[in-house]
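What follows is each chain in one-letter form.
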Amino acid sequence: MSDVVYVRLKQKISVQKGHHIRLGDLAWVCCKEELREKVLTLFIYEVKASDLTYKVIDVYHVIQKLKQLYPEVDIETVGPSQTILAIEKRQPKLYPLYVFFVWTLLFIGAAMAVMNFHFDVSMPDVQDQLHEMIAYDLDRSVLWLQVPYSFGLGIGMILFFNHFLKKKFNEEPSPLEVEMFNYDQNLYEYVTFNENELDHDDH
């Protein structure tokens, strides 16, 4: 009875230029221990200087490599049929002035968005009416209502996104994290489809 090798590709791994990709880098393997040590070190691909941001390794390519060295082995694949190699680039140096400029730009943009939204829904008029309904002294400034509202708006945004600086309040993903996950999934599908089309054209 021939040995069986179970291969489950990882969806994505981060690599660098010139990296020699082994099977153990991009997949989980289950088989006999003496065979597993050899299979995990099987060379699959070398990241070239011409590779851009992503490179797709198809499970068919992995099966070919395994069959060349171990033709008597039965191969069973589970999980994703491709692994995306995310090729890392050297991180540019962050200059404090540049960070301050970007932070200021985002802060002003967010403030303008909130103010324009409040103007569109006539928030000042609503707060004036609430002030007249609640306040005993109509000559009193409406700031007693607007200041707590402003603090509450900021606290509500922190709770909504479930983050404050690097601290996370609970394990539940924030809406931003869910949207980023959906974006990554769509990006992986596009890259996989596009890379496969290019490989097909090359052949």
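Here's a quick rundown of the structure. Quick caveat, the model's predicted, so the values are computed rather than measured. (Residues numbered from 1 in each chain as written. Predicted model: local features only at pLDDT ≥ 70, side-chain atom pairs only at ≥ 80, totals over all residues. Heavy atoms only, no water.)

1. With respect to the overall build of the chain
Right, so step 1: Looking only at helices and strands, the chain has seven helices and ten strands in total.
Right, so step 2: Taken along its principal axes, the extent of the C-alpha atoms in the chain is 90 × 40 × 30 Å.
Right, so step 3: Relative to its 203 residues, the chain shows a buried fraction of 23%.
Right, so step 4: Look at the contacts in the chain between residues 6 or more apart in sequence, and 60% of them connect residues 24 or more apart.
Right, so step 5: Working note: accessible area of the chain is about 15400 Å², and carbon and sulfur atoms make up 62% of it. (Helix = DSSP H or I, 4+ residues; strand = E, 2+ residues; numbered from the N terminus. Buried < 20%, exposed > 50% of the residue type's maximum accessible area, 1.4 Å probe, protein only. Contact = heavy atoms within 4.5 Å. Areas by Shrake-Rupley, 256 points an atom, 1.4 Å probe, with all protein chains shown as cover.)

2. A short note on the side chain of T83
Right, so step 1: Mapped onto the fold, T83 is located in strand β8 (residues 82-87).
Right, so step 2: Of note is the side chain of T83, whose polar atom sits 2.6 Å from the backbone oxygen of K10.
Right, so step 3: Apart from the residues lying within four places of it in its own chain, the contact partners of T83 are L9, K10, Q11, I13, L26, K55, V56 and I57. (Polar contact = N/O pair within 3.5 Å; in protein donor to acceptor, adjacent residues only side chain to side chain.)

3. A closer look at a nonpolar patch on the surface
Right, so step 1: Residues L97, F100, W103, F107, I108, M112 and M115 make up a contiguous nonpolar surface patch of roughly 830 Å² in combined accessible area.
Right, so step 2: Counting through the fold element by element, I108 comes out in helix α4 (residues 96-120).
Right, so step 3: With a relative accessible area of 45%, I108 lands in the partly exposed category. (Patch = residues over 30% accessible without salt bridge, like charges linked within 9 Å, V, L, I, M, F, W, Y side chains within 5 Å. Salt bridge = Lys/Arg side-chain N within 4 Å of Asp/Glu carboxyl O.)

4. Digging into the pattern of salt bridges
Right, so step 1: Taken as a whole, this structure holds one salt bridge when the rule is applied.
Right, so step 2: Residues D3 and K32 are paired through a salt bridge, measuring 3.1 Å at the closest nitrogen-oxygen approach. With D3 in the segment before β1 (4-9) and K32 in the loop between β4 (27-30) and α2 (33-40), the pair connects residues that are 29 residues apart, well separated along the chain.
Right, so step 3: Assessed through its relative accessible area of 26%, D3 is described here as partly exposed.
Right, so step 4: Among the residues examined, K32 registers a relative accessible area of 45% and is labelled partly exposed.

On their own, these measurements won't tell you what the molecule is for.
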